[in-house]
Amino acid sequence: MRSVSAILISTAVWFAPPSAQAADPARLMTYSGIFQDNYTDVVIKPFNARGTERLDYVPGDSSAAMLGQLRTQKNDPQLDVIIMDVTTAALACAEGLVEPLDAKLLPVIGELDDQARSSGGACGPAVTYDHLVTVYDSKAVVPAPTSLKVMWDLKWKGRVGLSAPPNIQGLALTAIMAHADSGNWKSADGAFKALRELAPAVQTFDPQPDGYTLVLNNTLSFASGWNARAQLNRDRSGGRLGIMLPTEGTVFQINTINLVKGAPHRDAGLAFIAYALSAPAQKAFTERMFYGPTNATAVIAPEAAQRTAAAPENKARVIPMDWNEMIKLRESWNQRWRREVISAGGR
Amino acid sequence: MTRRQTGVLLCLPALLLLAVAFVWPMAILARMSLNETADTGALVPALSLATYTRLASDSFTWQIAWDSLVLAAGSATVATLLAYPMALFLFRTKSRYRNLLAIVAIAPLLVSGTARVIGWMAILGDGGMINAGLRLLGIPTQHLINNWTGVRIGLAESVMPYTVLALLAGFGRLDHALEEAAATLGAGPFFRFWRVTLPLTLPSVTAGWMLGFVLAISAFITPHLMGGGRVFVLATEIFDAATQTLDWPAAAALSVAALAGLSALMLLQSLVARRGSV
Amino acid sequence: MAYLELRNLARSYAGRPAVRDVSLNVERGTLVALLGASGCGKTTTLRMVAGLEAPDAGRIVVDGRDVTSLAPHRRRMGVVFQSYALFPHMDAAGNVAFGIQMHGAPRAARATRVAEMLALVGLSEHAGKKPRQMSGGQQQRVALARALAIEPDVLLLDEPLSALDAKLREDLRVEMRAIQRSTGATTLFVTHDQAEALAMADLVAVMDAGRIAQLGTPEAVFERPETAYVAAFVGRSARFSGVIRESRIDVADISIAAPGLPASGRVDVFVRPHRISVLRAGDVADNTIEGTLDAIDYTGEVAQLLVQSPCGRFPVDLATADGTWRDLRPGDKLRLGWHAADTLWFEAP
């Protein structure tokens, strides 16, 4: 009997999760992979090197998975700071999982641009900007395209990859096309008509593992993507991956930074948020990974600025779209994609 | 300690694990399905059937439920048809490589779903092996992936190892002497199979098909990775609701409904099987 | 010409010969038993006749027709398997009907034939039972009816009684022999049980290491074995080994008289236990031997004695009818004797 209990106890110990203790460093949860590598290098390490507070990086999956963690830890938070997509963060804010933040509590918020301040609502502000681009095979698509219209050319039939909703790339693309067509990103009838015409040329509405890979391995010639990852893939492929910020415009993908409600290391968490939003941290991360800065006082090196939304001519192409408004349209657009666009694709 | 107590004690760890790993999560899931979702997407604690009525009144839900059933039944049927001769060969062969062959037959289980899909892309893709071959022969190329066809092929292949195993397990009751007896009574190969082998293996065929069906209807990776965003089934819908639109009540309600439907099917099958065996 | 002829059959498995060289003629309507220990090749021989194994060499001829290369389903051999191999998903009638159906009999004729066959084996009331609802004996009868239903050229029985208990076995062997006689089926019967072989067969072929050691009537095989192996395998014996000297056999301190001895050589001697009698004072016999009674077992018709002598220990069967066995006690000194003509001898290898 004793050995049976021993086995049961050790099994229980093996399954038990590690728990936070007061003396631990504060914990930030955000994206894993290449984001983690670069963010650790240019933001976390300098912050920890100041010697006043310490912060650990807890890699999370998608924004949705991170929200899941917040929901399950609601009564016993194990995290202090969280960086995730603005649409998901809005849910966390509405559900009271993160704290309201403003310039009174964190003066650095005053240095941020208007959109960065407003996009978080009452909760944490934007910490990175990314934007929707179209990536293409620069060897096959000559000359370099400037408009989304290039994909409607029958020459590329079967060579186009789009990420349909509920992926937010599909929502963003619809908004951009609606804005170009009607001047109002919410009036999407024209956009859907155009997408329906494009559908037969689409090989996949869900590129796996992602559009950049499929263009580089010659499965696709065009795919939608996010600028930061596209830039890294362009460098890695020696320029094979072309990136178009179309004349139709773009929309931001925004990550906001938030203080978890009931955070066990609230002070250290606040100190880190202040640091992450500060000009030096914003500059360093933009120059490393091509996410646009949200701190208006950050001075970005010109060659990096050209490749992000920080350059004025790029910023001018960002259409005024509010993700919180978009979320309300999401379900109906989701259904319209399925019933009007994807079903028109045949295949 | 009585025999009965010992039995209960021996089952205890398994029962505990089942409670922790299945019953408790299912209870949480059932509870989650009774919450509501605001139009901002935020989770609203509630005790209502609003999510169920919302889903049940949407024809799209019924469409994907039907599509999922047809897909799973079709894949299970194809997998069983392909697995049957394979399992029969493995059961009968006296080759000293028999164990090796059995491992080869179930080897796909050792490959991760993602790696398998990458393999399928190389074979079924627009520029893949099959289409390259068709082009060489001057036959029009076919769209074999990123659509329903691709998912059907991928699912049938991914559940086939399980059906092979289920069939092999059931073939134990097939005595070779019965086929010999049939032969001496004048039955040629076809009648030996039709009158003796097939009827005797039918229970394991049903079991193998059922296993394939359950695995296929709950499969997520293959429809997700090989469907090209064109294939909507219950599993992908639940995944999207859970991870993309963050509509957890909907994901939970769909899961509960799917579980209830599958349980009903299994119950029906076992009732039919019991009646058939008397 | 014989109805079933096996000519020089041979078959090996992975280089190990199971059947070396078997030739056998079976006349129409007779029952021939293949008798031997396990591994002697008797079942392999039967399976080759059925077409379930292909011979490496040799021919199988039925009624003048060479069937060696015919598939089993084209041969018309009725086989009763050791495990019966009844189809578990069919009832008794279905099992019996199977072969008739395969041979394309019209539906009405089929039903009549099934009824006839079930009546023949006394199972008319069990036609609708599945094999698992029947006793071992009933299953055995269904298997026999199924094999006979196709009106086989040859009936092949592979240890058909071995799965039954002793009493049932004896009843069924009488019944099977009667059915075989009444149907006139030419039958090859494989068994390891000598009593079964002797009781049922017209001719017994004793097999040893892939060959037929002796073919003869049951009486010939038992009373006049042609080899030491046959003598040893069929029936029990008192066994001695000795040397020929002056037309007698010297075994230890006694000398045994036997018919037709050569001038010299080493020989193995066999005497059937029931041919040996216990001698009273003054009795004389061709051969006498003295010994001590080791054990005595009453088995009904005979009492089985075990006697220890300078020549070794040997069995003696004493008829119980006269009651003399009651006076015997282990440890008694006995004098035993038998006729010279009852001494079986074989030159030692």
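Residues numbered from 1 in each chain as written. Chains lettered and ligands numbered in written order. Predicted model: local features only at pLDDT ≥ 70, side-chain atom pairs only at ≥ 80, totals over all residues. Heavy atoms only, no water.

1. Some details on helix α7 (residues 189-198) of chain A
So, step 1. For α7(A), every residue scored as buried is listed here: A191(A), F192(A), L195(A) and L198(A). Down the axis, α7(A) shows its buried residues gathered within 115° of arc, on one side only. (Buried < 20%, exposed > 50% of the residue type's maximum accessible area, 1.4 Å probe, protein only. Helix = DSSP H or I, 4+ residues; strand = E, 2+ residues; numbered from the N terminus. Arc of directions from axis to C-beta.)

2. Side note on the packing of α7(A) against helix α14 (residues 323-341) of chain A
Residue and element names in this part refer to chain A.
So, step 1. Relative to each other, α7 and α14 sit at 35°, their axes nearing to 10 Å. As α7 runs across α14, the sense of the crossing is right-handed. Residues D189, F192, L195 and R196 of α7 touch α14, and the partners they reach there are W333, R336, W337, E340 and V341.
So, step 2. Among the residues making up the contact of α7 with α14, the classes are represented as 5 nonpolar, no polar and 4 charged. (Axes fitted to C-alpha atoms, helices over the stretch in contact; angles between N-to-C directions. Left-handed = near helix turned anticlockwise from the far one by under 90°. Contact = heavy atoms within 4.5 Å. Nonpolar A, V, L, I, M, F, W, Y, C, P; charged D, E, K, R; others polar.)

3. A few points about the state of the cysteines
Residues and elements named next belong to chain A.
So, step 1. Within the structure shown, the criterion is met by 1 disulfide over all chains.
So, step 2. A sulfur-sulfur distance of 2.0 Å marks the disulfide that ties C93 to C123. What sets the handedness of the C93 and C123 disulfide is the S-S torsion sign, and at about 80° it is right-handed. Of this pair, C93 sits in helix α4 (residues 86-94) while C123 is found in the loop between α5 (114-119) and β4 (126-137), placing the two residues 30 residues apart along the sequence.
So, step 3. Its relative accessible area of 4% is what places C123 among the buried residues. (Disulfide = S-S within 2.5 Å.)

4. Points about the interface of chain B and chain C
So, step 1. Contacts between chain B and chain C engage 20 residues on the former and 23 residues on the latter.
So, step 2. Carbon and sulfur atoms supply 68% of the area buried between chain B and chain C, which totals about 1,700 Å² over both sides.
So, step 3. Considering only the side of chain B, the residues that lose the most area to chain C are T184(B), L185(B) and R195(B), jointly responsible for 40% of the buried surface there.
So, step 4. The interface formed by chain B and chain C includes 1 salt bridge.
So, step 5. Linking R47(C) and E180(B) is a salt bridge whose minimum nitrogen-to-oxygen distance equals 2.6 Å. (Buried area = accessible area lost by both parts, 1.4 Å probe. Salt bridge = Lys/Arg side-chain N within 4 Å of Asp/Glu carboxyl O.)

5. Some points on the nonpolar core
One broad trend across soluble globular proteins is that nonpolar side chains are buried collectively.
So, step 1. Counting residues in each nonpolar core, the largest one holds 127 residues, and the members touching the most others are Y39(A) and F272(A).
So, step 2. Looking at this core, you find at least three residues from each of domain 1 (23-129 + 253-309) and domain 2 (130-251 + 317-344) of chain A.
So, step 3. What Y39(A) contacts, discounting residues up to four positions off in sequence, is L28(A), I44(A), Y57(A), I83(A), V127(A), F272(A), A276(A) and F285(A).
So, step 4. Judged by nonpolar contacts, the second largest core, of 75 residues, contains L71(B), A105(B), L185(B) and M102(C). (Core = buried A, V, L, I, M, F, W, Y, C linked by side-chain atoms within 4.5 Å. Domains from an automatic or database assignment.)

6. Things to note about the packing of aromatic side chains
So, step 1. Counted under the stated rule, the structure contains 28 aromatic pairs over all chains.
So, step 2. Taken together, a centroid distance of 5.6 Å and an interplanar angle of 80° make the contact between W156(A) and F222(A) edge-to-face. In this pair, W156(A) sits in the loop between β4 and β5 (160-161) while F222(A) sits in strand β7 (residues 222-226), placing the two residues 66 residues apart along the sequence.
So, step 3. Judged by relative accessible area, W156(A) falls into the buried class, the value being 9%.
So, step 4. Overall, the relative accessible area of 0% leaves F222(A) in the buried class.
So, step 5. Consider the rings of Y84(B) and F171(B), whose centres lie 5.7 Å apart with planes at 80°: the pair is edge-to-face. You can see Y84(B) sitting in helix α3 (residues 59-92) and its partner F171(B) sitting in the loop between α7 (148-170) and α8 (176-184), a full 87 residues away along the chain. For the pair formed by Y84(B) and F171(B), the shared burial category is buried.
So, step 6. In this structure, R71(A) packs its charged tip against the face of W248(B), placed 4.4 Å from the ring centre.
So, step 7. Here the guanidinium or amino end of R272(C) rests over the ring plane of F222(C), the centre of that ring lying 4.4 Å away. (Phe/Tyr/Trp six-rings, centres within 6.5 Å; stacked < 30°, edge-to-face > 60°. Lys NZ or Arg CZ within 6 Å of the ring centre and 35° of its normal.)

7. Here we look at the pattern of salt bridges
Residue and element names in this part refer to chain A.
So, step 1. Scanning the entire structure with this criterion turns up 40 salt bridges over all chains.
So, step 2. The salt bridge partner of E340 is R336, with a shortest N-O separation of 2.9 Å. Taken together, the residues E340 and R336, both in helix α14 and 4 residues apart, mark about one turn of the helix.
So, step 3. Relative accessible area serves as the criterion here: at 23%, R336 is assigned to the partly exposed category.

8. Quick look at the interface of chain B and chain A
So, step 1. Between chain B and chain A, the contact holds 29 residues from the first and 29 residues from the second.
So, step 2. Across the chain B/chain A interface, buried area totals approximately 2,700 Å², and carbon plus sulfur atoms make up 56% of it.
So, step 3. Where chain B packs against chain A, one counts 3 salt bridges.
So, step 4. The partner of R338(A) in a salt bridge is E237(B), with the nearest N and O atoms 2.9 Å apart.
So, step 5. Remark: the boundary between chain B and chain A carries 10 residue pairs in polar contact (both at pLDDT 80 or more).
So, step 6. Residue assignment for the side of chain B that touches chain A shows that the elements contributing at least two residues are α3, α10 (221-226) and α11 (234-243) of chain B. (Polar contact = N/O pair within 3.5 Å; in protein donor to acceptor, adjacent residues only side chain to side chain.)

9. Remarks on the pairing of strand β8 (residues 187-191) of chain C
Residues and elements named next belong to chain C.
So, step 1. With 5 of 5 residues buried, β8 lies mostly within the body of the structure.
So, step 2. Neither face of β8 is exposed, since T187, F189 and T191 on one face and L188 and V190 on the opposite face are all buried.
So, step 3. Here strand β3 (residues 31-35) runs beside β8; their pairing, made up of 5 bridges, is parallel. Residue pairing in the sheet places V32 in a bridge with L188 of β8.
So, step 4. Looking at chain direction, strand β7 (residues 154-158) and β8 are connected through 4 bridges and run parallel. Looking across to β8, one finds that L156 is bridged to L188.
So, step 5. Following the backbone out of β7, through helix α5 (residues 166-183) and into the adjacent parallel β8, one traces a crossover that is right-handed. (Pairing = 2+ DSSP bridges. Right-handed = clockwise from strand over helix to strand, strands pointing away.)

Purely geometric numbers; function is a separate question.
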